Amino acid sequence: MDRNKAAFGPAPEPAPGPFPGPFPEPAPGPFPGPTPESEGAPEAVPDAPEAVPEPAPRNELTVEDLLSFPALQLRLLAGAGGLRRAVSWAHVSELDDPTPWLLGAEMIMTTGLAIPRTAARQRAYLERLDDAGVCALALSAHLHMPPLTKAFFAAAEERGMPVLEIPLAVPFVAVAQEVAAAVQEDSRQRLGAQLQVFGALRWLASENLDTATLFRRLERLSGYDVYVCTPQGRPLLPGVPAPDPGAIPDSVDAPPTIPGGFALPVLAPGGPAGFLVAFAREGARPAGLAVVQHIATVAALQLAIVRTEQETLRREGAETLAELLQDVLDPAAARRRLQRHAIEGETALLVVRGVSEEALLRSLDGQPYLLLGRGEDRYVLGSPELRGAVAAMPGVAAGMSRPFPPGEPLGVPQREALWAASNAAESGRPLVRYGDDGTGRWLPDDPAVLAALVEHVLGEVLRYDAAHGTQMLPSVRTWMERDRRTDDAAAALHIHPNTLAYRLRRFTEITGRDPASTAAFAEIWLAIRAAAHLGLTEGAAERANGA
């Protein structure tokens, strides 16, 4: 039986009057009352449009299909470019903004109560529906319809948003029944897709799929192109691309419907980790919101797996770096360990201060490295290119060693990085590379030789400061760093210039070296740099700054 006849029964003979029967011929004009705003509005388009329509997923109900149903007597008023849009449901709404309650691909039917009267508000109303994924707007002929403006019809044409007229004799429920009957078959396909998405959990357990392969399968099943990202728009899962920033919701509480698809939060312990964005794929049969919700759940499970693997790898990396710093790994074993963490080629050691471990992890995200915390210092081993990400962190004071082959002992790089980090903290620079300071080139790498130099020149004053709680060595260092300008150095030390002059005299008495002498100045300066290289002056400097 013809479903249109089943829905409405046989058409009666035309009767006299303004409406000749339950299925009258379309009225000659779209809606009543031309106004200055509605002058020039386009005439109805009874035949198929010449504009190239949007491609539609095969076997889905489209707006064009609804126009072809004789019983509905629908007429196209504007938006011919969108006739191939898929229709998932037909819903009556007289709300000015029904979009928070929509899922996408609905045809909205209204008697006209929802349509604003001004041109700007009419255009905004239509654009709001289109942005929410509404497939078409169906208007009841006459009734409460205000005059439609040129701006309204122009927006429909620009966006390819079909605007239809429903005759008074055709009840809204008849349109809804036609749509429900037509989409019933598609609903069975969507249920099948849901069940297959549930099978993704079995794939994870039995096939050991990588993340990229898993999501390619989910895309084929669902009919969507899937993207996953952090709230800032960075990739969240390896092998899964991030969407265009414009598709990312402003809040996890935003409605799930976006133009062309859905956007859902990816949940994680402590709060949402990001968003899953799914766009209907051209030529496919999108399986709907329920399937996208299941894919978001799979994404959350996969994220938990990836994070567990990353944490395990991070702990293994910390153990490896600790063993390298203790020099208990031979070079061959060290290289094998580093290759497991994708660290190959020239490497460098960084000592990072002044930032939290969490901030450092975010800064280095996506790059291979080993990380170990020691007190307030964070040791990072990786490519010398890491310096850019580290130096960009607010408040950081970091030092980097000279580059060296992977697997080499870290004794010398550690001293270099520590010295450079201290230099960065003292100078206020975010990152210092060992060797940037010309003095470093004149110092030997052997710590025993450095220690002998410090002991020979500064040993007595170091012991004197330690025994008496004085700051003679930091005072001399500050005076030298400020080019022997006593007033500037005293201001930096927060002491009177006479107090600084007294400390300089006492330094000469204890060491037997007058820093005003050029020869003694050079020897003292190199010894101070060697002491900083060995980390012997940090505590004294802190005491001086607190004096």
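The coordinates are above.
Residues numbered from 1 in each chain as written. Predicted model: local features only at pLDDT ≥ 70, side-chain atom pairs only at ≥ 80, totals over all residues. Heavy atoms only, no water.

**Student:** What's the story with the sheet that holds strand E1 (residues 75–78) in this structure? I'm lost.
**Tutor:** Whenever strands of a sheet pair, they do so through backbone hydrogen bonds, lying parallel or antiparallel. Pairing is mixed across the open sheet formed by five strands, whose spatial order is E1-E5-E4-E3-E2. Two strands bound the open sheet, and with one partner strand each, they are E1 and strand E2 (89–92). Direction aside, the axes of adjacent strands within the sheet are offset by 30° on average. Judged from the three bridges that link them, E1 and strand E5 (residues 163–166) form a sheet pairing that is antiparallel. Bridge assignment links Arg75 to a residue of E5, and that residue is Glu165. The sheet strands contacting helix H4 (residues 150–159) are E1, strand E4 (136–140) and E5, and the helix crosses E1 at an angle near 100°. (Pairing = 2+ DSSP bridges. Helix = DSSP H or I, 4+ residues; strand = E, 2+ residues; numbered from the N terminus. Axes fitted to C-alpha atoms, helices over the stretch in contact; angles between N-to-C directions. Contact = heavy atoms within 4.5 Å.)

**Student:** Can you walk me through the sheet that holds strand E10 (residues 348–353) in this structure?
**Tutor:** As summarised here, the arrangement of the five strands in space is E11-E12-E10-E13-E14, forming an open sheet in which the pairing is mixed. The open sheet has two edge strands, strand E11 (369–374) and strand E14 (431–433), and neither has a second partner. In this sheet, neighbouring strand axes are inclined to one another by 20° on average, regardless of whether the strands run parallel or antiparallel. Strand direction decides the pairing type here: E10 and strand E12 (residues 377–382), joined by five bridges, are antiparallel. Bridging from a neighbouring strand, Ala348 pairs with Gly382 of E12.

**Student:** For this particular structure, what's the right way to read the pattern of salt bridges?
**Tutor:** One side chain can pair with another of opposite charge once the charged atoms of both are near each other. Under the definition given, this model contains 26 salt bridges. Its salt-bridge partner being Arg281, residue Asp225 comes within 3.7 Å of it at the nearest N-O pair. Residue Asp225 is located in strand E6 (residues 224–229), and its partner Arg281 is located in the loop between strand E9 (274–280) and helix H8 (289–325); the two are separated by 56 residues in the primary sequence. Residue Arg281 is classed as partly exposed on the basis of its relative accessible area, which comes to 24%. Members of the salt-bridge network, linked through shared partners, are Arg85, Asp130, Asp131 and Arg159. (Salt bridge = Lys/Arg side-chain N within 4 Å of Asp/Glu carboxyl O. Buried < 20%, exposed > 50% of the residue type's maximum accessible area, 1.4 Å probe, protein only.)

**Student:** Explanation requested: helix H15 (residues 486–493) in the structure shown.
**Tutor:** Since one α-helical turn is 3.6 residues long, residues separated by three or four positions face the same way. Those residues of H15 that sit buried are Ala489, Ala490 and Leu493. Along the axis of H15, the buried positions cluster into a sector of 100°, meaning they face one direction only. Exposed and oriented more than 90 degrees from the buried face of H15 are Asp487 and Ala491. Phi turns positive one or two residues past the end of H15, at His494, with a value near 60°. (Arc of directions from axis to C-beta.)

**Student:** Hey, could you run me through the packing of helix H3 (residues 119–131) against H4 in this one?
**Tutor:** For any two helices packed against each other, the geometry comes down to the angle between their axes and how far apart the axes lie. Closest axis-to-axis distance for the H3/H4 pair is 8 Å, and the angle between their directions is 25°. Regarding the angle of H3 to H4, the classification is roughly parallel. For the pair H3 and H4, the crossing hand works out as right-handed. For the pair H3 and H4, contact is made by Ala119, Gln122, Arg123, Leu126, Glu127, Asp130 and Asp131 and by Ala151, Phe152, Ala154, Ala155, Ala156, Glu158 and Arg159, respectively. Tallied by class, the residues present in the contact of H3 with H4 amount to seven nonpolar, one polar and six charged. (Parallel < 35°, antiparallel > 145°, perpendicular 65-115°, else oblique. Left-handed = near helix turned anticlockwise from the far one by under 90°. Nonpolar A, V, L, I, M, F, W, Y, C, P; charged D, E, K, R; others polar.)

**Student:** Whenever I open this one, the side chain of Arg353 confuses me. Can you help?
**Tutor:** In this fold, Arg353 is placed in strand E10. Overall, the relative accessible area of 16% leaves Arg353 in the buried class. A polar contact is formed between the side chain of Arg353 and the side chain of Asp377, at a distance of 2.7 Å. (Polar contact = N/O pair within 3.5 Å; in protein donor to acceptor, adjacent residues only side chain to side chain.)

**Student:** What should I look at first to understand the nonpolar core in this one?
**Tutor:** Within soluble globular proteins, side chains that are nonpolar generally end up buried alongside one another. Among the nonpolar cores identified, the biggest contains 27 residues, and Phe215, Val228, Leu237 and Leu276 are the most heavily contacted of them. Going through the elements one at a time, helix H7 (211–222), E6, strand E8 (261–266), E9 and H8 are the ones with two or more residues in this core. The dominant element in this core, judged by the number of residues it contributes, is H8, at nine residues. Among residues more than four places away in sequence, those in contact with Leu276 are Phe215, Val226, Tyr227, Val228, Phe262, Ala263, Leu264, Val266, Val292, Ile295, Ala296 and Ala299. Counting residues in each nonpolar core, the second largest holds 25 residues, with Leu458, Met472, Trp479 and Ala531 among its members. (Core = buried A, V, L, I, M, F, W, Y, C linked by side-chain atoms within 4.5 Å.)

**Student:** Any chance you could explain unusual backbone geometry here in plain terms?
**Tutor:** Trans is the prevailing form of peptide bonds, just as negative phi is the prevailing case for residues other than glycine. In the Ramachandran plot, Gln73 falls in the positive-phi region, its phi being about 55° despite a non-glycine side chain. Among the secondary structure elements, Gln73 is positioned in the loop between helix H2 (63–68) and E1. Although it is not a glycine, Ala342 sits at a positive phi angle of roughly 65°. Within the fold, Ala342 resides in the loop between helix H9 (331–340) and E10.

**Student:** Could you clarify how one ought to interpret the packing of aromatic side chains in this entry?
**Tutor:** Given two aromatic rings, their pairing is described by the distance between the two centres and the angle made by the two planes. Scanning the entire structure with this criterion turns up three aromatic pairs. Of note, Arg374 hangs over the ring of Tyr379, and the distance from its end group to the ring centre comes to 5.7 Å. (Phe/Tyr/Trp six-rings, centres within 6.5 Å; stacked < 30°, edge-to-face > 60°. Lys NZ or Arg CZ within 6 Å of the ring centre and 35° of its normal.)

**Student:** For this particular structure, what's the right way to read the packing of H7 against H8?
**Tutor:** Viewed as axis vectors pointing N to C, H7 and H8 meet at an angle of 175°, and their least axial separation amounts to 11 Å. In terms of orientation, H7 lies roughly antiparallel with respect to H8. Every residue of H8 that contacts H7 at Thr211, Leu214, Phe215, Leu218 and Ser222 is listed here: Val291, Ile295, Val298, Ala299, Gln302 and Val306. Split by residue class, the contact of H7 with H8 holds eight nonpolar, three polar and no charged.

**Student:** When you look at H9 in this model, what are you seeing that I'm missing?
**Tutor:** Those residues of H9 lying buried are Ala333, Ala334 and Leu338. Across the axial projection of H9, the buried residues extend over an arc of 135°, all falling on one side. Exposed residues lying more than 90 degrees from the buried face of H9 are Arg336 and Arg340. Contacts made by the buried residues of H9 are with H8, E11 and E12. The distance from a side-chain oxygen at the start of H9 to the backbone nitrogen of Ala332 is 3.1 Å, and the residue carrying that oxygen is Asp330. Phi for Ala342, located one or two positions after H9, is positive at around 65°.

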